[in-house]
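Listed below, chain by chain, are the residues.
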Amino acid sequence: MEAIVKNDFNFPKQTSHYVGKVRDVYSIGNDYLVMVVSDRISAFDVVLPKGIPFKGQVLNQIAAKFLDATTDILPNWKIAVPDPMVTVGHKCEPFKVEMVIRGYLSGHAWREYKAGKRTICGVAMPDGMVENQKFPEPIITPTTKADEGHDEDISKEEIIAQGLVSREEYEQLETYTRAIFQRGTEIAAKMGLILVDTKYEFGKKNGQIYLMDEIHTPDSSRYFYAAGYEERLAKGEKQKQLSKEFVREWLMDNGFQGLEGQQVPEMTPEIIDGITDRYIELYESITGENFVKATDTDDILSRIEKNVTKCLAEL
């Protein structure tokens, strides 16, 4: 199957088309968005040159399940999933920050810690911790939301001082972030997983805060397998991960970290097939359900256009 890395639809009442690292977002009038989750894959804020078949379907369907599982905490933007790779939802005015929450000292936080830093985004981290150790309480480490290039760490006080979000609304976002992370943690535990860290995006519509975009997918979250976690931690071994980290590690092993002058290693058919298999494994491990590959893959773009047009006509 061909990976879908580019699309350029013209849906009824479409007013704009935004191309993100992985998602194409179409504005429909003033009220709705069509989010097409492509098969593009990014790492170190760089879109890699080849797509991963079925990756878009995996991400879109995981996100839909977790959005449905958090509607009692706050409303979210999702209205319908008319195609395996598409979500249609409410158009919101996004907050200009992403809410990153970390239950464990991993990834970017660990790299900062290992470099000697004991605060991240204005939040103190205890001395004497080791990689992948659980924090006493989850910490929120927000980032700016960059349209292009790298998101930047920013503290709560800087967000408020710069007027990116009011203090009252920011504190509401923190409350929602902790509640959604707790829900995700509980669901992961039932699957034998640990939700390590993740990020959420929020927006407003008619004065109401909505949860936006994807949640708890392997692109936005890091998971460990719970079995063997303590033993690996005690021995200082790497944790068995369920996240996109395996892609980052493959890139780093081949001399690429998104820095100027570095070349993305060759993405052979074997590498691409292996990444597809890992994403399907992620889906099945996170949801506890078998992944059913979308049918009608001969012309995926026509399938998407037909399904979305029908959905919009019914809104």
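Quick look at the structure, then. Everything numeric in this text was worked out from a predicted model, so none of it was measured.

Scoring rules and cut-offs
- Residues numbered from 1 in each chain as written.
- Predicted model: local features only at pLDDT ≥ 70, side-chain atom pairs only at ≥ 80, totals over all residues.
- Heavy atoms only, no water.
- Buried < 20%, exposed > 50% of the residue type's maximum accessible area, 1.4 Å probe, protein only.
- Helix = DSSP H or I, 4+ residues; strand = E, 2+ residues; numbered from the N terminus.
- Pairing = 2+ DSSP bridges.
- Phe/Tyr/Trp six-rings, centres within 6.5 Å; stacked < 30°, edge-to-face > 60°.
- Axes fitted to C-alpha atoms, helices over the stretch in contact; angles between N-to-C directions.
- Parallel < 35°, antiparallel > 145°, perpendicular 65-115°, else oblique.
- Contact = heavy atoms within 4.5 Å.
- Nonpolar A, V, L, I, M, F, W, Y, C, P; charged D, E, K, R; others polar.

The next point concerns the pairing of strand E7 (residues 86–90). The buried count for E7 comes to four of five residues, which makes it a mostly enclosed element. In the sheet, strand E3 (residues 32–37) pairs with E7 via five bridges, with the strands oriented antiparallel. Among the inter-strand pairings, Met35 is bridged to a residue of E7, identified as Thr87. The antiparallel pairing of strand E6 (residues 78–83) with E7 creates a hairpin that spans two residues between the two strands.

Following the criterion strictly, the structure yields 11 aromatic pairs and no others. With a centroid separation of 6.4 Å and an interplanar angle of 25°, the aromatic rings of Tyr176 and Phe202 are classed as stacked. With a gap of 26 residues between them, Tyr176 in helix H4 (residues 167–190) and Phe202 in strand E14 (residues 193–205) connect regions that are remote in the sequence. Of the two residues examined, Tyr176 and Phe202, each falls in the buried class. Centroid distance Tyr283 to Phe291: 5.1 Å. Interplanar angle 70°. Geometry classified as edge-to-face. On the basis of relative accessible area, Tyr283 is assigned to the buried category, the value being 4%. An aromatic cluster of at least three residues, connected via ring pairs, comprises Phe9, Phe11 and Tyr26.

For the rest of this paragraph, the subject is the packing of helix H6 (residues 245–253) against helix H7 (residues 269–287). Taken N-terminus to C-terminus, the directions of H6 and H7 make an angle of 155°; their axes are 11 Å apart at the nearest point. Comparing their axes, H7 and H6 come out roughly antiparallel. Here H6 contributes Phe246, Val247 and Trp250 to the contact with H7, which in turn contributes Ile271, Ile275, Arg278 and Tyr279. A breakdown of the residues in the contact of H6 with H7 according to their chemical character gives six nonpolar, no polar and one charged.

Functional significance is not addressed by these values, which are geometric in nature.
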